[in-house]
Amino acid sequence: MSLEVFLLLAAALFSIGLFGALSQQSIVMLMMGLELMLGGVIVAAAAVWHYIAPAAADGQVLVVLAVTVMAVEMAVGFAVVTALFRSREIDTTDTAAELKE
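Residues numbered from 1 in each chain as written. Predicted model: local features only at pLDDT ≥ 70, side-chain atom pairs only at ≥ 80, totals over all residues. Heavy atoms only, no water.

Enquirer: Mind laying out the overall build of the protein chain, listing which residues take part and the relevant values?
Expert: Secondary structure assignment for the protein chain yields 4 helices and 0 strands. For the protein chain, the succession of helices and strands along the chain, N to C, is α-α-α-α. Taking 2.2 N^0.38 as the reference for a compact globule, 101 residues should give roughly 13 Å; the C-alpha atoms of the protein chain span a radius of gyration of 17 Å, well beyond that estimate. Oriented by its inertia axes, the alpha-carbon framework of the protein chain measures out at about 50 × 25 × 20 Å. Buried positions account for 18% of the 101 residues belonging to the protein chain. Taking the intrachain contacts of the protein chain between residues at least 6 apart in sequence as the baseline, contacts between residues at least 24 apart amount to 66%. (Helix = DSSP H or I, 4+ residues; strand = E, 2+ residues; numbered from the N terminus. Rg over C-alpha atoms; globule rule 2.2 N^0.38 Å. Buried < 20%, exposed > 50% of the residue type's maximum accessible area, 1.4 Å probe, protein only. Contact = heavy atoms within 4.5 Å.)

Structure below.
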């Protein structure tokens, strides 16, 4: 498969994630959109790194590190959202914005 196919996949993932992040009010759906955007960036970075230096393992290590950080970030985010929902029944971005006051 060529680099263009991977970049097209990455652009599609990023676009779907951007649409999801901008159009949803649910905090969980917003986080899922952000996750798709990060996934698109990781796919693009891995594809470019593979085509630039296929023999080097640096790109693979960076991708595994990025996916690990992404998983930890989402776990912490879901924990915060769960705590907000349990304590104050907050599940949308509009009601979460009122926490600043």
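Enquirer: Any chance you could break down the environment of Pro54 for me, citing the residues and the numbers?
Expert: Topologically, Pro54 is positioned in the loop between α2 (27–52) and α3 (58–88). Separated by 15 residues in sequence, Pro54 and Val69 have C-alpha atoms that sit 23 Å apart.

Enquirer: Break down a nonpolar patch on the surface for me, with residues and values.
Expert: Side chains of Phe14, Leu18, Leu22 and Val41 sit close together on the surface and give an oily, nonpolar patch of about 360 Å² of accessible area. Among the elements that make up the nonpolar patch, the one with the highest residue count is helix α1 (residues 3–23) (3 residues). Take Val41: it is sitting in helix α2. According to the relative accessible area criterion, Val41 is partly exposed, its value standing at 45%. (Patch = residues over 30% accessible without salt bridge, like charges linked within 9 Å, V, L, I, M, F, W, Y side chains within 5 Å. Areas by Shrake-Rupley, 256 points an atom, 1.4 Å probe, with all protein chains shown as cover. Salt bridge = Lys/Arg side-chain N within 4 Å of Asp/Glu carboxyl O.)

Enquirer: Give me the lowdown on the environment of Asp58, citing residues and values where you can.
Expert: By secondary structure assignment, the location of Asp58 is in helix α3. Each C-alpha atom of the pair Asp58 and Leu3 lies 18 Å from the other, and the pair is 55 residues apart in sequence.

Enquirer: So what's going on with the packing of α1 against α2? Residues and values would help.
Expert: Two measures define how a pair of helices packs: the angle their axes make with one another and the distance between the axes. The interhelical angle for the contact between α1 and α2, taken along N-to-C directions, is 165°, at an axis separation of 7 Å. Put simply, α1 runs roughly antiparallel to α2. For the pair α1 and α2, the sense of crossing is left-handed. By residue class, the composition of the contact of α1 with α2 is 21 nonpolar, 5 polar and no charged. (Axes fitted to C-alpha atoms, helices over the stretch in contact; angles between N-to-C directions. Parallel < 35°, antiparallel > 145°, perpendicular 65-115°, else oblique. Left-handed = near helix turned anticlockwise from the far one by under 90°. Nonpolar A, V, L, I, M, F, W, Y, C, P; charged D, E, K, R; others polar.)

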